[in-house]
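# Descriptive structure summary
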Amino acid sequence: MNLKYLCSALIILAGHTAGAQQAEQIYSHAQVVKPNEFYIRQIALWKKELDKDKTNANAWLNYYRANRYAHITSGHDSMYARNRFERMQGVVAEIEKNIPGTYEMHFV
């Protein structure tokens, strides 16, 4: 009987862990502030979404915001902060290439 409860608990825990690895909407930093680790994780998750569909404007906006807010929430001496300009310039160039003329492109 205890084994049955243990297996159930592990299945539920696995479901929660899998859900934590979902790309989440990144809201304006003026509205919602998350820890730096959240934004770093979201960069990778939104990149996976973009690898599936380079024309996904919502994914590009969230990828951009995750990169931007990862810098804002990092320490200025961190490796992430040091090469921010080049990284953000690359993100914007990819947005211009993949979703030209969209609201999201003009927003960034």
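Check the entry above for the structure.
Residues numbered from 1 in each chain as written. Predicted model: local features only at pLDDT ≥ 70, side-chain atom pairs only at ≥ 80, totals over all residues. Heavy atoms only, no water.

Evaluated as defined, the whole model comprises four aromatic pairs. Centroid distance Trp60 to Tyr63: 6.0 Å. Interplanar angle 80 degrees. Geometry classified as edge-to-face. Taken as a pair, Trp60 and Tyr63 lie in helix α3 (residues 57–73) at a separation of three residues, close to a single helical turn. Taken as a pair, Trp60 and Tyr63 share a single burial class, namely buried. A centroid spacing of 6.0 Å and a plane angle of 35 degrees characterise the contact between Tyr103 and Phe107, whose relative ring orientation is tilted. Within this pair, Tyr103 and its partner Phe107 are both found in helix α6 (residues 103–107), separated by four residues, close to a single helical turn. (Phe/Tyr/Trp six-rings, centres within 6.5 Å; stacked < 30°, edge-to-face > 60°. Helix = DSSP H or I, 4+ residues; strand = E, 2+ residues; numbered from the N terminus. Buried < 20%, exposed > 50% of the residue type's maximum accessible area, 1.4 Å probe, protein only.)

For the rest of this paragraph, the subject is the environment of Thr102. As for its position among the elements, Thr102 is in the loop between α5 (84–98) and α6. Judged by its relative accessible area of 23%, Thr102 is partly exposed. When the C-alpha atoms of Thr102 and Ala57 are compared, they prove to be 7.6 Å apart, with 45 residues separating the residues in sequence.

Attention shifts here to the pattern of salt bridges. All chains considered together, the criterion is met by three salt bridges. Put simply, Asp51 and Lys47 hold a salt bridge, and the shortest N to O gap is 2.8 Å. On the criterion of helical spacing, the pair formed by Asp51 and Lys47 is a turn pair, its members being four residues apart in helix α2 (residues 36–52). Using a relative accessible area of 33% as the deciding quantity, one classes Lys47 as partly exposed. (Salt bridge = Lys/Arg side-chain N within 4 Å of Asp/Glu carboxyl O.)

Now for the packing of α2 against α3. Between α2 and α3, the shortest axis-to-axis distance is 8 Å and the interhelical angle comes to 155 degrees. Taken together, the axes of α2 and α3 lie roughly antiparallel to each other. Note on packing geometry: the crossing formed by α2 with α3 is left-handed. For the pair α2 and α3, contact is made by Asn36, Tyr39, Ile40, Gln42, Ile43, Trp46, Lys47, Glu49 and Leu50 and by Asn58, Ala59, Trp60, Asn62, Tyr63, Ala66, Asn67, Tyr69, Ala70 and Thr73, respectively. The residue makeup of the contact of α2 with α3, split by class, is 11 nonpolar, six polar and two charged. (Axes fitted to C-alpha atoms, helices over the stretch in contact; angles between N-to-C directions. Parallel < 35°, antiparallel > 145°, perpendicular 65-115°, else oblique. Left-handed = near helix turned anticlockwise from the far one by under 90°. Contact = heavy atoms within 4.5 Å. Nonpolar A, V, L, I, M, F, W, Y, C, P; charged D, E, K, R; others polar.)

Nonpolar side chains in soluble globular proteins tend to end up buried together. By size, the foremost hydrophobic cluster in this structure holds 19 residues, and its most contacted members are Ile26, Tyr39, Trp60, Tyr63 and Ile95. Those elements giving two or more residues to this core turn out to be α2, α3 and α5. Top element by residues in this core is α3. It accounts for eight residues. Once residues lying within four places of it in the same chain are set aside, the contact partners of Ile95 are Trp60, Tyr64, Pro100, Met105 and Val108. (Core = buried A, V, L, I, M, F, W, Y, C linked by side-chain atoms within 4.5 Å.)

Function cannot be inferred from these measures alone, as they are strictly geometric.
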